[in-house]
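Here is what each chain is made of, one letter per residue.
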Amino acid sequence: MTDAKARIDETVKANDVVLYMKGTKDMPQCGFSSRVAGVLNYMGLEYTDVNVLADEDIRQGIKDYSDWPTIPQLYVKGEFVGGCDIITEMALSGELDTLLDDNGLAYNKEAADKIREANA
């Protein structure tokens, strides 16, 4: 396993929720990363953010690790969940709530409901 893949594997397995993104959760550097971080931040979900722009090896390595070509990428309990479109759809359908509930992760359920109400 390459150094980047080993670091990614360690991060994904050591944290309940990880978002590989362009920028940080407080300062996203692309619209797709901003959308996913915005959803997670609004829902009050605790997560680890990894700025792929800070490390070219991680930027390419995460694509190889998941066999998914785009960033951002969300991992929950070591499992790849998806990118921006998938997370957005899951938030709007309630599937994200179910995934978080099933994994015993705390978040603001009222905020999740408000996301759906605002997009109905």
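Here the structure is shown first, and the text comes after it.
Residues numbered from 1 in each chain as written. Predicted model: local features only at pLDDT ≥ 70, side-chain atom pairs only at ≥ 80, totals over all residues. Heavy atoms only, no water.

**Describing the state of the cysteines**
For clarity, the threshold we go by: For this text, the term disulfide refers to a pair of cysteine sulfurs within 2.5 Å. Burial status follows relative accessibility: with a 1.4 Å probe on protein chains alone, a residue under 20% of its type maximum counts as buried, one over 50% as exposed, and anything between as partly exposed.
The full count for this structure, using the stated rule, is zero disulfides. The closest cysteine sulfur to the non-disulfide-bonded Cys30 is located on Cys84, 7.9 Å from its own sulfur. A residue is classified by how much of its surface remains accessible, and Cys30, at 19% relative accessible area, is buried. On the basis of relative accessibility, which here comes to 6%, the residue Cys84 falls in the buried class.

**Overview of helix 1 (residues 3–14)**
Here is the rule we go by: Counting from the N terminus, the helices are DSSP H or I runs at least four residues long and the strands are E runs at least two residues long. An expected span of 1.5 Å times one less than the residue number is assigned to each helix. The directions from the helix axis to the C-beta atoms form the arc being described.
Look at helix 1: 16 Å from first C-alpha to last across twelve residues, which is about the 16 Å you get at 1.5 Å a residue. Within helix 1 the residues assigned to the buried category are Ala4, Ile8, Asp9 and Val12. Each buried residue of helix 1 lies within a common arc of 130 degrees when the element is viewed along its axis, so the set occupies one face. Away from its buried face, by an angle of more than 90 degrees, helix 1 presents the exposed residues Asp3, Glu10, Lys13 and Ala14.

**Quick notes on the nonpolar core**
Applicable threshold: By nonpolar core is meant a set of buried Ala, Val, Leu, Ile, Met, Phe, Trp, Tyr and Cys residues that side-chain atoms within 4.5 Å join together. Note on contacts: a residue pair is in contact if any heavy atoms of the two residues lie within 4.5 Å.
By size, the foremost hydrophobic cluster in this structure holds 23 residues, and its most contacted members are Leu19, Leu40, Met43, Leu74 and Leu96. Elements that contribute at least two residues to this core include exactly strand 1 (17–21), helix 2 (31–42), strand 3 (73–76), helix 4 (84–93), helix 5 (95–102) and helix 6 (109–118). Not counting the four nearest positions on each side in its chain, Leu74 is found in contact with Val17, Val18, Leu19, Leu40, Glu79, Phe80, Val81, Gly82 and Ile87. The next biggest cluster of nonpolar side chains, apart from the first, holds eleven residues, and it includes Ala4, Val50, Ile58 and Tyr75.

**Concerning unusual backbone geometry**
Note the cis peptide between Ile71 and Pro72, where omega equals 20 degrees. As for its placement among the helices and strands, Pro72 is situated in the loop between helix 3 (56–66) and strand 3. Backbone geometry places Asp67, a non-glycine residue, at a positive phi of 60 degrees. Following the sequence through the fold, Asp67 ends up in the loop between helix 3 and strand 3. Using a relative accessible area of 68% as the deciding quantity, one classes Asp67 as exposed.

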